[in-house]
Amino acid sequence: MALIAPSILSANFANLTEAFTLLNKGQCDYIHIDVMDGHYVNNLTFGPPVIGHLRPLTEIPFDVHLMIENPERSLEAYKKAGADILTVHTDATTHLHRTIQKIRNLGMAPGVALNPAQSLEEVRYILRDVDLVLLMSVNPGFGGQSFVPQVLDKIKDLDKMRKEGGYSFKIEVDGGIKLENAKEVVDAGADILVSGSGVFKTQDPIATMKEFKEF
Ligand code: DX5
Ligand code: ZN
């Protein structure tokens, strides 16, 4: 059974408490929080102060996806704000291995993210150190984009690398996932499905989350 991580990027930012009420009722596995800095991606969302205010609204773990440059400068702030998983992009930090170690030493689960056109080779030598590999299935920066189909082969290849290396990291896939294509993503080897518009832009987000859980 896949784990589901709804992304609040598609929720109403002026009423995040309502979104959290839905998430608590929908019993998802993680809450995916997309942090964008206006540099690594053009968009700007929120950072540690907002996340810190959201933390008391739920006990569901926070899966924080940093689409920011030089994330190593603010890891402590995300820990203090209540992040459980902290994921950084390979091309946003100069010393990836050090950043990953620091995330773990701070008591969070480290994740590493790759954009659609990036090769799995970029993470080969960090696989033993991470709890999660996030494969972007859209280019980062916006919700509501279409799934990039060649990522399905990438998930399969990463799953193969995981089995061959005896690793235990989870494979998270992020972008363009809806109920309609979730099965092929899970069949390819994904453990965690991120979905923003596929949850929040549906008529009944609680029922949608329940359906997702059945994959
Ligand atoms: C994109 C974000 C995604 C986004 C997914 O930069 O990392 O998490 O919220 O949104 P959907 O599911 O609408 O593609
Ligand atoms: Zn994300």
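Definitions and cut-offs
Residues numbered from 1 in each chain as written. Chains lettered and ligands numbered in written order. Predicted model: local features only at pLDDT ≥ 70, side-chain atom pairs only at ≥ 80, totals over all residues. Heavy atoms only, no water. Axes fitted to C-alpha atoms, helices over the stretch in contact; angles between N-to-C directions. Helix = DSSP H or I, 4+ residues; strand = E, 2+ residues; numbered from the N terminus. Parallel < 35°, antiparallel > 145°, perpendicular 65-115°, else oblique. Left-handed = near helix turned anticlockwise from the far one by under 90°. Contact = heavy atoms within 4.5 Å. Nonpolar A, V, L, I, M, F, W, Y, C, P; charged D, E, K, R; others polar. Buried < 20%, exposed > 50% of the residue type's maximum accessible area, 1.4 Å probe, protein only. Phe/Tyr/Trp six-rings, centres within 6.5 Å; stacked < 30°, edge-to-face > 60°. Lys NZ or Arg CZ within 6 Å of the ring centre and 35° of its normal. Near = heavy atom within 4 Å. Polar contact = N/O pair within 3.5 Å; in protein donor to acceptor, adjacent residues only side chain to side chain. Areas by Shrake-Rupley, 256 points an atom, 1.4 Å probe, with all protein chains shown as cover.

### Thoughts on the packing of helix α1 (residues 16-26) against helix α8 (residues 205-213)
At step 1: Viewed as axis vectors pointing N to C, α1 and α8 meet at an angle of 40 degrees, and their least axial separation amounts to 9 Å. Relative to α8, α1 is oriented oblique. Crossing of α1 against α8: the hand is right-handed. Each of Leu22, Leu23, Lys25 and Gly26 in α1 lies in contact with α8, whose residues at this interface are Pro205, Ile206 and Met209.
At step 2: A class-by-class count of the residues in the contact of α1 with α8 yields five nonpolar, one polar and one charged.

### Concerning the environment of Ala19
At step 1: By the secondary structure assignment, Ala19 is in helix α1.
At step 2: We classify Ala19 as buried; its relative accessible area is 4%.
At step 3: As a C-alpha pair, Ala19 and Leu132 span 113 residues in sequence and 25 Å in three-dimensional space.
At step 4: Beyond its immediate stretch of four places on either side in the chain, Ala19 contacts Ala11 and Phe200.

### As for the packing of aromatic side chains
At step 1: The tally for this structure, following the rule as stated, stands at three aromatic pairs.
At step 2: Aromatic side chains Phe20 and Phe62 sit 6.1 Å apart centroid to centroid with 70 degrees between the ring planes, which places their arrangement in the edge-to-face category. Here Phe62 lies in strand β3 (residues 62-67) and Phe20 lies in helix α1, a separation of 42 residues in the sequence.
At step 3: The exposure class assigned to Phe20 is buried, which follows from its relative accessible area of 1%.
At step 4: Residue Phe62 is classed as buried on the basis of its relative accessible area of 0%.
At step 5: Ring plane angle 35 degrees and centroid distance 6.0 Å describe the contact between Tyr167 and Phe169, whose orientation is recorded as tilted.
At step 6: On the accessibility criterion, Phe169 (1% relative accessible area) is buried.
At step 7: The ring of Phe62 has Arg55 lying over it, and the distance from NZ or CZ to the ring centre is 3.7 Å.
At step 8: When the ring centre of Phe169 is taken as origin, the NZ or CZ atom of Arg162, which lies over that ring, is 5.7 Å away.

### Comments concerning the site of ligand 1
At step 1: Around ligand 1 lies a shell of 20 residues, among which Asp34, Gly144, Asp174, Gly196 and Ser197 are the nearest.
At step 2: His32 places a side-chain nitrogen or oxygen 3.4 Å from an oxygen atom of ligand 1.
At step 3: Between ligand 1 and the protein, one listed contact pairs an oxygen atom with a side-chain N or O atom of Asp34 at 2.8 Å.
At step 4: In the complex, the protein chains occlude 100% of the 380 Å² of accessible area that ligand 1 would expose alone.
At step 5: For the shell around ligand 1, the secondary structure elements donating two or more residues are β2 (31-36), β3 and β8 (192-195).
At step 6: Among the elements that make up the shell around ligand 1, the one with the highest residue count is β2 (three residues).
At step 7: A class-by-class count of the residues in the shell around ligand 1 yields seven nonpolar, eleven polar and two charged.

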